[in-house]
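Observations on the three-dimensional arrangement
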Amino acid sequence: MPATSKACASCRYQRKRCDGGCQYADLFPASRFDEFQNAQRLFGVNNIHNIVNSVEPELRKQAAESILVEGNIRKGDPVHGCLGVTRRLKWEIDFCSKQLEDVNRRLSVLRQWDRESQSQRQGFNGAVVELPPLPPSYFSNGAGSVGSFYGQIRSNPVSLDVI
Ligand SMILES: [Zn+2]
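Summarised in this report is the structure supplied together with it.

Cut-offs and rules
Residues numbered from 1 in each chain as written. Predicted model: local features only at pLDDT ≥ 70, side-chain atom pairs only at ≥ 80, totals over all residues. Heavy atoms only, no water. Phe/Tyr/Trp six-rings, centres within 6.5 Å; stacked < 30°, edge-to-face > 60°. Buried < 20%, exposed > 50% of the residue type's maximum accessible area, 1.4 Å probe, protein only. Helix = DSSP H or I, 4+ residues; strand = E, 2+ residues; numbered from the N terminus. Donors = N, O, S within 2.8 Å, 3.2 Å for Na, K, Ca; no water. Tetrahedral: all angles 85-135°; square planar, octahedral: opposite > 155°, others 65-115°. Expected span 1.5 Å × (residues − 1). Arc of directions from axis to C-beta. Contact = heavy atoms within 4.5 Å. Core = buried A, V, L, I, M, F, W, Y, C linked by side-chain atoms within 4.5 Å.

**Concerning the packing of aromatic side chains**
Summed over all chains, the structure comprises four aromatic pairs. Between the aromatic rings of F28 and F36, the centroid separation amounts to 5.1 Å while the plane-to-plane angle is 70 degrees, which identifies the pairing as edge-to-face. Judged by relative accessible area, which is 0%, F36 ranks as buried. For the pair W91 and F95, a centre-to-centre distance of 5.2 Å together with 10 degrees between the ring planes defines the contact as stacked. Taken together, the positions of W91 and F95, both in helix α5 (residues 82-129) and four residues apart, correspond to about one turn of that helix. Exposure remark for F95: the relative accessible area of 39% places this residue in the partly exposed category.

Now the structure itself:
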């Protein structure tokens, strides 16, 4: 294995020796050499170093990741780059917002329809379901079961008034 294969992506690209104290080793590991090349085509090595060094040390990893991602995106879309991704995501957000708006509008109509039909059912049921209470005499004289009581009502509806 050649000695340069252990060098970080930045040092490998510059054909420099990369020792353990290299500040770019964590930011651009050797495993991401291809991505670093993409970023280098977009920014140039000196600009990459300047960008990374211009941010606070705790943010350098994020800055390096952003540089690598931008390089990859530019390779995938040389004309629009990140702007193409941004536009596509914006279009998707707008599309989903319109769909959500439409679904909420339909849901509102269905809820209104459900409320109206529920109130109609309640009014209809209130008129029909009212049954008179069972007469106490029915249970005390041992004349029969509840089934036969309703059988009596069906066969002679007038008896309801009498009860
Ligand atoms: Zn290095």
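**Quick look at the coordination of the zinc ion**
Listed as protein donors to the zinc ion are C8 (SG), C11 (SG), C18 (SG) and C22 (SG); their distances from the metal cover 2.2 to 2.3 Å. Considering all four donor atoms around the zinc ion, angles at the metal cover 103 to 114 degrees and the coordination shape is tetrahedral. The sequence motif formed by the donor residues of the zinc ion is C-x2-C-x6-C-x3-C. Of the two residues, C11 sits in helix α1 (residues 9-14) while C22 sits in the loop between α1 and α2 (33-43), which places them eleven residues apart along the sequence. As far as burial versus exposure is concerned, C11 and C22 are alike and both buried.

**Description of helix α4 (residues 60-76)**
Compared with the 24 Å implied by 1.5 Å per residue over 17 residues, the 24 Å span of α4 between its first and last C-alpha is a close match. Every buried residue of α4 is accounted for by A63, A64, I67, L68 and G71. When α4 is viewed along its axis, its buried side chains cluster within an angular range of 135 degrees and face the same direction. For α4, exposure combined with an orientation more than 90 degrees from the buried face picks out Q62 and G76. Elements in contact with the buried residues of α4: α2 and α3 (45-54).

**Some details on the nonpolar core**
If you look at the biggest cluster of nonpolar residues, it comprises 17 residues, and the most contacted ones within it are Y24, L27, F28, F36, I48 and V52. Breaking this core down by element, the ones donating at least two residues are α1, α2, α3 and α4. Those residues in contact with I48 that sit more than four places away from it in its chain are F28, F36, A39, Q40, F43 and I67.

**Comments concerning the environment of L27**
By the secondary structure assignment, L27 is in the loop between α1 and α2. Here the alpha-carbon distance between L27 and Q62, two residues 35 residues apart in the chain, equals 8.7 Å. Ignoring any residue separated from it by four or fewer positions in sequence, one finds L27 in contact with V52, R60, K61, A64 and L68.

**Considerations on unusual backbone geometry**
In this model, R15 sits at a positive phi of 55 degrees, which is unusual for a non-glycine residue. For R15, the location among the structural elements is in the loop between α1 and α2.

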